[in-house]
Every structure is written in structure tokens, then in C-alpha cells.
Amino acid sequence: MSKKEFWDKAAADFPRYNKENDQFQQKIIEILKNENVINKNTSVLDIGCGTGVYTIPLAKEVKSVLALDISPAMLDILQEDSWNYNVKEKIKADSSGWRDFKSGEKFDLVFATLSAAFSEDVDFEKILEYSNGSVCFLDFVEEKGSNFEELLFHQYGIEKFVFKDLENKKRWLKSKNIKYKKFPLQNTHSELLELDDAILKIKESIKISKKEISPSDEDIVNLLKPITIGSKVNYVLNINLELLLWKSSN
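This is a predicted model, so every value here is computed, not measured.

A.B. asks: I'd like to hear about the side chain of Thr 42, residue by residue, with values.
C.D. replies: Positionally, Thr 42 belongs in the loop between helix 2 (23–34) and strand 1 (43–47). Its relative accessible area of 3% is what places Thr 42 among the buried residues. At 2.8 Å, the side chain of Thr 42 forms a polar contact with the backbone nitrogen of Asn 39. With sequence-adjacent residues up to four places away left out, Thr 42 is seen in contact with Val 37, Val 62, Lys 63, Ser 64, Asp 108 and Leu 109.

A.B. asks: An account of the packing of aromatic side chains is needed here, citing residue identities and associated values.
C.D. replies: All told, the structure shown has 12 aromatic pairs when counted by the stated rule. Measuring from centroid to centroid gives 6.1 Å for Trp 98 and Phe 118, while their planes differ by 55 degrees, and the two rings are tilted. Taken as a pair, Trp 98 in the loop between strand 3 (91–94) and strand 4 (107–113) and Phe 118 in the loop between strand 4 and helix 5 (121–125) lie far apart in primary sequence, 20 residues in all. Side by side, Trp 98 and Phe 118 carry an identical accessibility label, which is buried. Between Phe 118 and Phe 137, the ring centres sit 5.5 Å apart and the planes meet at 80 degrees, which makes this aromatic pair edge-to-face. Of this pair, Phe 118 sits in the loop between strand 4 and helix 5 while Phe 137 sits in strand 5 (residues 131–146), placing them 19 residues apart in sequence. Across this residue pair, the class does not change: Phe 118 and Phe 137 are buried. Site record: aromatic cluster; members linked through ring pairs are Trp 98, Phe 101, Phe 118, Phe 124, Tyr 130, Phe 137, Trp 172 and Trp 246.

A.B. asks: Give a description of unusual backbone geometry that names residues and reports values.
C.D. replies: Glycine aside, residues mostly have negative phi, and peptide bonds are mostly found in the trans state. In this model, Asn 86 sits at a positive phi of 60 degrees, which is unusual for a non-glycine residue. With respect to the helices, strands and loops of the structure, Asn 86 is situated in the loop between helix 4 (72–84) and strand 3. For Asn 177, which is not glycine, the phi dihedral falls at a positive 55 degrees. Mapping Asn 177 onto the fold places it in the loop between helix 8 (165–175) and strand 6 (181–194). Since its relative accessible area comes to 69%, Asn 177 is described here as exposed.

Procedures and definitions
- Residues numbered from 1 in each chain as written.
- Predicted model: local features only at pLDDT ≥ 70, side-chain atom pairs only at ≥ 80, totals over all residues.
- Heavy atoms only, no water.
- Helix = DSSP H or I, 4+ residues; strand = E, 2+ residues; numbered from the N terminus.
- Buried < 20%, exposed > 50% of the residue type's maximum accessible area, 1.4 Å probe, protein only.
- Polar contact = N/O pair within 3.5 Å; in protein donor to acceptor, adjacent residues only side chain to side chain.
- Contact = heavy atoms within 4.5 Å.
- Phe/Tyr/Trp six-rings, centres within 6.5 Å; stacked < 30°, edge-to-face > 60°.

This is the structure:
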């Protein structure tokens, strides 16, 4: 399965922007405003924008956003929501991958949140071609974990997945002698899942862990009993993140 096919398939269940629940996005906006990074004349390149969870609130504050994502399905959702939130005229979508992306434009802010677009130095170097002001990265700090992972650890010894993206970005910034500011952030997401959806999420966590175990659905239901409320399961995801912000010399 290609990256495009993977993210297209994931789009239907991907988080979407919700004005009634955008407190975390507003924390990002506040930082960018306080650091004089964005205003009504700012042009933004949003790399790996997904369904527009950050694109839409950014568009409310700036002049324009070029929303870049490899998945047309993600961008379809973004365009639908941008219409609903009256920012469609400010957002232009591009379904290129980051390495394939080409533009004659430079941007006041290059913005990337939890983006899978950066894996090698060449991906970071490309930022320098398009940045004409500031660059903002938002990534997980080492790991994210839910109450599901806690249950799996106690039952099967499955460790949380450790992210290296933030570490790689800091390494590259250091190699370029780029000074940056960092802002620690925390976010908590909770929802009541249907039991079938909770079982699928547990199985996906086991698959990612590559642990050679295959619990039955009945085993998983028993595992989830402590956090089951009626016919639903209380899912709580705790996320530690860090925002890196630096000024481009271009």
C-alpha cells in the first residue's frame, strides 16, 4: 500500500476541525501571535495539513494558507470544512508529497504539525527554499499514551511507541546552527468508543508493537472491562508535545 493509499484510507476516521473544541489549536495561535509570527498579511505553507485541524484556525488569522497533503481524501474533507467555516477563499489545496512539491512562492510561515513528511535531512533542507520568515514544528515528545496502552502494558508487557521526529528536527537545527524557541504543550483527548471500535484500536496497538500475541475479542473485552461504561469504552489519550519555532535567514 502506497503512502497516498494509506492516508486516503485513514481520512474517513481522521480528526476534523471543530470550533467548539479547538482550545489546543488556540494555544498554538496564541503562541504565534505573541511571537509576532502571524497577522492578517501572513502567507502560510501548511505541510502535511491532513483534514485541516490546524489549517482552518490558521486561515482565520492570516492572509492565505497553502495546504499541502499527499492525500486527496484528506484535502476533500479540508475543503468541505473550510467552506463550512467561511475560510475557503483563503485556502488553496495541493495534493503533492513534500518531496514532489514545487512552487515559485516563498511563505512568511512554514508550518508542520505531527507531519510524516520529514524523514531525512533533504526534507528539512527543502524548507529553506520556501521559508521567508518563520518555521514552526509541532511534534510528540518521545511518546504518546492512552489508557488502552496502559492496559496492554500491564497485561502483555507492550511498551508505548517512542517517537524520534522531534529529536531528529533538533539534531538538524543544531547542525545548521539555527537557534530556536521551544514551547512545551500538553493535550488530552477523551471519547466514548463503541465496543467494536475499541477492540479494533486495541488490535491496531498490538500490531504496531509487533508483539507476537493474538488475543481473542473476548480477551480484549475482558481487558477493557475496567474502563467500560455500559455499552461503550472510555478512551483517554494523553499527549505531550513541543512546539519549535525559528526564524528563517532567507
